[in-house]
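Structural description and commentary
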Amino acid sequence: MSSGLRGRQDIERGQSVKKEVYKLTVNGQEYELALEPQWTLSHVLREKLGLTGTKEACKGGACGACTVLIDGKAVPSCMVLAVEQVGKSIETIEGLFRDGMHPLQGAWLEEFGAQCGFCSPGMIMSAKALLDRNPRPTETEIKEALAGNICICSNYEHIVNAVLVAAERIQETQRRRDHG
Amino acid sequence: MQSWSRRKGFKKLKGDGIMVDQLSVIGKSVRQKDGCPRVTGEAKFYSDVILPDMLYAKILRSPYPQADIVSIDTTKAEAVEGVKLVMSYRNFPKAFRRDVHYAGEHVAAVIAEDEETGEAALELIEIEYDPKPFVLSLEEAIKPDAPQVFQGQPNSHDWELSYYLSEKDPETGLYQKKELHDFHGFGDVKQGLKEADVIVEETGLKYAYCKSPAMNPRGCLMSYRNDKLTVYTHSQGMHHEKTVLAEVLGLSVSQVNYVSPFTGSSFGGKIAEPGDFNHPSHYLLIAGFATLVLQKPVKCAYTREEEMLCGWSRGSLSNVKLGFRNDGTLTTIDFDHWMEVGSGGDKWPVKNSLLATGTTLYSRNCKHMRGKIRYVHTNRFLSCGWQGYGAPEGHYAIETVMDAAAEKLGIDPVELRKINHMRAGDIDTGFDPLDYKSCFISASGITECLDAGAEEIDWHNQWKPPGEKTGRVRRGLGVAIFCMGAGRPGPGNSTSAMVKVYPDGTVNLISAIADLGQGQHTVQSQIAAETLGIPYRNVGIVCHDTDSTPWATIVANSCGTWVQGWATYEAAMDARRKLLYLAAPKLGVEPDELDIKDGIIFVQSDPEKKIDFADAFGPLGIYGGNHEIVGYYYHDNPHPRCLKEGKQGQLYIPKEKGAQFVSLDVDTRTGIISNVKVIVAQNVGRALNPKIVEGQFLNARHGVENAALGSDCIVDPRSGRLLNCNWIEYRPTSILDCEVTPIIIEKPEDPTHPFGATACGEGAACPTLAAFSNAIYNAIGVRIKETPFTPDKILLALGKTKGRK
Amino acid sequence: MQRFEHFNASTANEAVSILNEYGEHAKVIAGGTDLLGCLRDGIWPEPPRAIINLKTVSELNYIAEEDDGVRIGAVTTLAEVADSALIREKYASLGEAARRTASPLLRNIGTLAGNICQENRCWYYRYPNQLGGRIDCIRKGGKKCLAVQGDNRYHSIFGAVNKCIAVNPSDTAPALVALSARIETSQRVIDIDAFFTAKNGMKSTVLEEGEIVTAIFLPKADPGWRTAFKKIALRKTIDFSIVNCAVAVMMRDSSISAARICLNGVHNNPYRPLAAEEILIGRSLEDVAARAAGEEAIAHAKPLPMNRYKVQMAQELVVDTLLACGQE
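Residues numbered from 1 in each chain as written. Chains lettered and ligands numbered in written order. Predicted model: local features only at pLDDT ≥ 70, side-chain atom pairs only at ≥ 80, totals over all residues. Heavy atoms only, no water.

Brief notes about the interface of chain A and chain B
- The partner chain B presents 65 residues to the 65 residues of chain A that form the contact.
- Counting the surface lost from both chain A and chain B, the interface buries some 5,500 Å², and carbon and sulfur atoms represent 60% of this.
- The largest share of the area that chain A buries against chain B comes from L109, I152 and E157 of chain A, three residues that together contribute 13% of it.
- The interface formed by chain A and chain B holds five salt bridges in total.
- For the pair chain A and chain B, the interface holds 22 residue pairs in polar contact (both at pLDDT 80 or more).
- Counting only elements with at least two residues in the side of chain A that touches chain B, the list comes to β1 (2-3), α2 (41-48), α3 (103-110), α4 (120-133), α5 (139-145) and α6 (156-179) of chain A.
- At eight residues, the largest contribution of residues to the side of chain A that touches chain B is made by α6 of chain A. (Contact = heavy atoms within 4.5 Å. Buried area = accessible area lost by both parts, 1.4 Å probe. Salt bridge = Lys/Arg side-chain N within 4 Å of Asp/Glu carboxyl O. Polar contact = N/O pair within 3.5 Å; in protein donor to acceptor, adjacent residues only side chain to side chain. Helix = DSSP H or I, 4+ residues; strand = E, 2+ residues; numbered from the N terminus.)

Considering the environment of F186 of chain B
Residues and elements named next belong to chain B.
- Relative to the helices and strands, F186 resides in strand β11 (residues 184-186).
- For the pair F186 and P217, spaced 31 residues apart in sequence, the C-alpha separation works out to 43 Å.
- Dropping the residues within four chain positions of it, F186 is found in contact with Y164, L165, Y175, G358, T359, C366, K367, H368, M369 and T429.

With respect to the pattern of salt bridges
- For the structure on display, the rule yields 73 salt bridges over all chains.
- When the shortest N-O distance is used, the salt bridge between K655 of chain B and D428 of chain B registers 2.9 Å. One end of the pair, K655 of chain B, is in strand β31 (residues 655-667); the other, D428 of chain B, is in strand β20 (residues 427-428), with 227 residues separating them in the sequence.
- For K655 of chain B, a relative accessible area of 0% gives the class buried.
- Relative accessible area serves as the criterion here: at 1%, D428 of chain B is assigned to the buried category.
- One network of salt bridges, with partners in common, ties together E36 of chain A, D114 and E116 of chain B together with R3 of chain C. (Buried < 20%, exposed > 50% of the residue type's maximum accessible area, 1.4 Å probe, protein only.)

Topic: the interface of chain B and chain C
- With 49 residues of chain B at the interface, the matching set in chain C holds 41 residues.
- Across the chain B to chain C interface the summed buried area is about 3,900 Å²; carbon plus sulfur atoms make up 54%.
- Here chain B is connected to chain C by seven salt bridges.
- E116 of chain B is paired through a salt bridge with R3 of chain C; the nearest N and O atoms lie 3.9 Å apart.

Considering the pairing of strand β23 (residues 494-501) of chain B
Residue and element names in this part refer to chain B.
- Burial analysis of β23 places six of its eight residues in the buried class, which makes it a mostly covered element.
- Bridging between β23 and strand β29 (residues 629-636) involves eight bridges; their strand directions are antiparallel. Pairing of K500 across the sheet is with V630, part of β29.
- One ladder, built from four bridges, connects β23 with strand β24 (residues 507-510); its direction is antiparallel. Following the sheet pairing, K500 is matched in β24 by N508.
- Between β23 and β24, which pair antiparallel one after the other, the connecting turn spans five residues, and G505 there sits at a positive phi close to 85°. (Pairing = 2+ DSSP bridges.)

A short note on the nonpolar core
- Among the nonpolar cores identified, the biggest contains 294 residues, and W108 of chain A together with M87, I125, L229, F324, F661 and F772 of chain B are the most heavily contacted of them.
- Looking at this core, the element that brings in the most residues is helix α10 (residues 391-409) of chain B, giving 10 residues.
- Each of two domains, domain 1 (3-96) and domain 2 (103-178) of chain A, supplies a minimum of three residues to this core.
- Formed by 39 residues, the second largest nonpolar core is a distinct cluster that contains I232, V247, I298 and V318 of chain C. (Core = buried A, V, L, I, M, F, W, Y, C linked by side-chain atoms within 4.5 Å. Domains from an automatic or database assignment.)

Topic: the domain arrangement of chain A
Residue and element names in this part refer to chain A.
- Domain annotation for chain A reports domain 1 (3-96) and domain 2 (103-178).
- In this structure, domain 1 and domain 2 have C-alpha centres spaced 25 Å apart.
- The partner domain 2 presents 13 residues to the 16 residues of domain 1 that form the contact.
- In this structure, the connection of domain 1 to domain 2 is made through one salt bridge.
- A salt bridge links K128 to E91; the shortest N-O distance between them is 3.2 Å.
- If you look at where domain 1 meets domain 2, you find five residue pairs in polar contact (both at pLDDT 80 or more).
- When the residues that make up the side of domain 1 that touches domain 2 are grouped by side-chain class, the tally is eight nonpolar, five polar and three charged. (Nonpolar A, V, L, I, M, F, W, Y, C, P; charged D, E, K, R; others polar.)

Describing the side chain of Q312 of chain C
- Summarising the element assignment, Q312 of chain C is placed in helix α12 (residues 308-326).
- Owing to a relative accessible area of 10%, Q312 of chain C belongs among the buried residues under this scheme.
- Here Q312 of chain C is in contact with R669, L795, K800 and T801 of chain B, once residues within four sequence places are set aside.

Here's the deal with the side chain of T670 of chain B
- Looking at the secondary structure, you find T670 of chain B in the loop between β31 and β32 (673-683).
- Accessibility expressed as a relative area gives 4% for T670 of chain B, which makes it buried.

Details of a negative patch on the surface
- Together, E24, E46, E208 and E209 of chain C line one region of the surface with negative charge.
- Structurally, E209 of chain C can be placed in the loop between α9 (192-195) and β8 (213-219). (Patch = residues over 30% accessible without salt bridge, like charges linked within 9 Å, V, L, I, M, F, W, Y side chains within 5 Å. Areas by Shrake-Rupley, 256 points an atom, 1.4 Å probe, with all protein chains shown as cover. Lys, Arg positive; Asp, Glu negative; His and termini not counted. Charge placed at Lys NZ, Arg CZ, Asp CG, Glu CD.)

Considering the sheet that holds β20 of chain B
- Taken together, three strands build an open sheet; the order of strands is β20-β21-β30 (chain B) and the sheet is mixed. Of all the strands in the sheet, the pair left with one neighbour each is β20 and β30 (652-653) of chain B.

A short note on a nonpolar patch on the surface
- A surface patch of nonpolar side chains, amounting to about 350 Å² of accessible area, comprises W551, V630, Y632 and Y634 of chain B.
- Along the chain, the position of Y634 of chain B falls in strand β29.

A closer look at the state of the cysteines
- What the rule picks out here adds up to zero disulfides over all chains.
- Cysteine C543 of chain B shares no disulfide, and the gap to the nearest cysteine sulfur, in C36 of chain B, comes to 14 Å. (Disulfide = S-S within 2.5 Å.)

A few points about the packing of aromatic side chains
- For the coordinates displayed, the defined rule picks out 22 aromatic pairs over all chains.
- Ring geometry for F158 of chain C and Y271 of chain C: centres 3.7 Å apart, planes at 15°, overall stacked. In this pair, F158 of chain C is assigned in the loop between α7 (112-117) and α8 (172-178) and Y271 of chain C in the loop between β11 (255-264) and α10 (274-278), connecting sequence segments 113 residues apart. The exposure classification of F158 of chain C matches that of Y271 of chain C, with both residues buried.
- Taken together, the aromatic side chains of Y207, Y396, F772 and F789 of chain B make up a single cluster linked through ring pairs.
- When the ring centre of W727 of chain B is taken as reference, the NZ or CZ atom of R304 of chain B above it lies at 3.6 Å.
- The aromatic ring of Y125 of chain C is capped on one face by R139 of chain C, whose charged end is 5.5 Å from the ring centroid. (Phe/Tyr/Trp six-rings, centres within 6.5 Å; stacked < 30°, edge-to-face > 60°. Lys NZ or Arg CZ within 6 Å of the ring centre and 35° of its normal.)

Laid out in structure tokens, this is it:
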């Protein structure tokens, strides 16, 4: 006969839960939230702010489903602590839907960029970070930028097409603005 | 922007009153009906639903691969502040067993206010185990002295429903007699091998125990309010699961509402049978019982590690012997196959391994067939069918040996397939029809797929035998074909749909058929729009839960488009007939003189005589009038169109079928494979939505994953623990790892579907491993018979390293 | 994840002082890509009670060119290292190693210092507590290394260190070794060759309790130095290396006057095959010499039953990386 797991001491640590109030800026809006230090940003976005567009598929930084932009950089929000994001500008998929769909979202619909859709928010945010810094990416540059985003439905070819279409549209809009 | 897919159209088919040349919605890559929420993030998967006072379940798992639980003490865990319930076999015997059969099996659960409290409380549960001997591999488990996974049962089970078929009708070719036997087949294999000019044999073809793909780990959230249990989850078949769950929980069926509008991909692997320990669906019972007891919402969501552990696996071992005439005619197949089911799982997939054999894929010339199939228990996590449901394993074995045969016969591998693959009208003696002894295959087009793929990869110019390859990096080309089951055409595969037509010309399609990302909601909407003659944008879909929808079949076995397609079509036709019946008197004609286009009802012989839907409906008021027309159809296979000339004993059986080619480079010094290209060519009859069909073909990547990226559930040999239980050590294919080129072939010879479409879903997973293995052989001249084809195996095959002792 | 207290340090000294206060019960967090994984999987019997954030120490985030070399602050991200024109120009192998690490998302938060201080990836060491209980191997104070008789296909080919046969998984570490980097800490400066735990397999580095890396210094490279980095992994992204290799060779009049080779993924610590380096001296950088070095590099390999293939890989990788230097 042998016993299973060892019993765990210091449950008291779990009982005296410390929450302090932090200010987080998400999609241009400031929120005051009581946060526990070990909460990841993805957990806080989803469960405390109800912004469930950001998905959690692995919670290990290995799949990119939780990608958000922090100060313009695409990061896996399951691998950063919410309490450490004070003073930063956080952008989620919900933030793209302003004055209608972002060109990436429209392109995603046209090119069938989403099959089950679970990777789509993270994939779109990674693509946005790419287009913000490189408005005319090649196919290779797109793949390298999205290399941290897994699509289990294997929809990569459609996704690349969607990014190319979106880039074209954004450039076209820019051209019209410049000339008009 | 590059367009990389091609469709090769052939003749057009005239359908049932609907002129296919005039199709306006079918055949177009319209946008996903429910695409917007997916790209805006508004789509609520079960894990996105957050309810007030929600509690969280955390599961305690066994450290032993085989043990009895001697005692369990949950007092300390229960005393933790924030813990609401601790569950085990003692208070919830339907959800937890007293014996464990794989390392990591669930033994208890804590329901708590937050996850941290739940995790901490788990550690206070005291369990005394009595560990027992265990067995961790298929090869070990089939040995006679292996420890028994289930006491009193041998580990290896012969498949119980093998039949011997005989008495072929000289006119139809269908078998007339089917008797239970210890193998499945027909003819006389011994005789066949004796008469064969060339025999090719391979043993020990191993398909490693790999994991079903799922982007969203499984789980559920349940809430019990006002005498109603709402189940938020992912489901491939809401209605059946609801019925089973209600029974297990002791509720009536009407008290349970299943909500599953979005599923984060499942590829067949998330089929749930609550209460059945052979299915990894205990999250339903944990949350269900806890919700009922606590009267608060309970979320039981797997982590990625739990999904890696509990989600279904699959793996097998095969021996194959093929007998040929000198001209390449494949006359005899002798097939031995063992499928690992772990400590549970579903035994049915093993039958599908036969799809690649003389029962179906090679039934054209095969006169003698012996398929001896077994399923084997081990002390590993559950295994079952997903994306191919047993067929990929069979195809891997047969198509690898076909490649060896091509070499021995001196025939090009593509030509050898062309000589032997099934054609439309050939016989299928597989298990799908159940009640039928054998059936006619409704369509093929495999030759056209081979030709298209060969052209794309420049096979005839680029293919060279391995002996001619030189240099450090060697390129190899491989090919494999497949055919996969598509629904169960005999009785037992049923579904329904409802269509509501409104006076403003819009329609709601009410259908519970699950959209896992494979596009069902879109395609069914297209069928409804086409049948009713209205624009696609005028169709809405109501699909979210079981309360609001009629029964729909499970999406499995690639049957959604086909089986549900009939239901949608007939329901729309039902509504259409009612609508035209209303319209006819207003136009002074008979209903069958009318047609509908772009939402306008017109007289076919005088199109200027027309009215819109509102006029057809007539005046509406608060007290009455026709506010809606409801069309409904309950479809039970087979549909009359599936019978040859309407004859009851002569069933057409549709198949998913096609060819794949793989090109890859092998570095003979490091064993690394790179530059992987997969060409996927399938005959879909008609692509109802080409982009969706392409998306299905892209799933060939899963085969690449299984082939090259180390897809193997690696367990520690001494403790049975799953060592690569995350997405870093078990590698889903990334955007950089291979290229896939889909080629859609439309050969409209299939009468079994309203618009001539046949399945495409699981097929992409079937031939990839064989094509990959064949490409490696073509590159380096050594056949690696065990997946995954990792560098260590390649270097060993090349003699660069010595083997294990 | 177990609860902990969180501190934002504003200076390196403050971070050290909090570390000292908590002793062995505190850890620093930079990128967090390794730490959070360990915490979530509950791999340590005693998880830390305090986590100290170094990202708030602004003086630790920089890449500065100085007269005698380049200094990289400890919380500089891998993306910043990979994208730095200065690094790409003068220390190309490090830029390449940083670029090949993990994925673009993880590189945006993971730091260079974190990458060389990270825990190993041995699947026994890192087995998650939630799947049946963590595995208390020798590194955690248990009795033995379970990989020795278990599945060791990714483990050491050069034997154990204090019975542990896990390998160092870093991609940037071998590049830094080949570049003769120096690690500056809150207490001292350590030559990279001494930074990784040579004698004690219980930790990844020689950092003491309460000691943190503050910067990584790359000495100025003579124009004759050529460097290269190569990595073998199954996927082209995300994966840790099966084996990787970084090389720096000094060329004088077309012959090699000095060489530093570092293999990783092959031993508890980044591995310098000194005999392979010596065999190159005085020879020209071409196939024959590279092959000789490759053979010498694995001459003392002690493969395990499941990882013989790694010996072959390591040998070939040394050859390939050396020849890549010649193509600069």
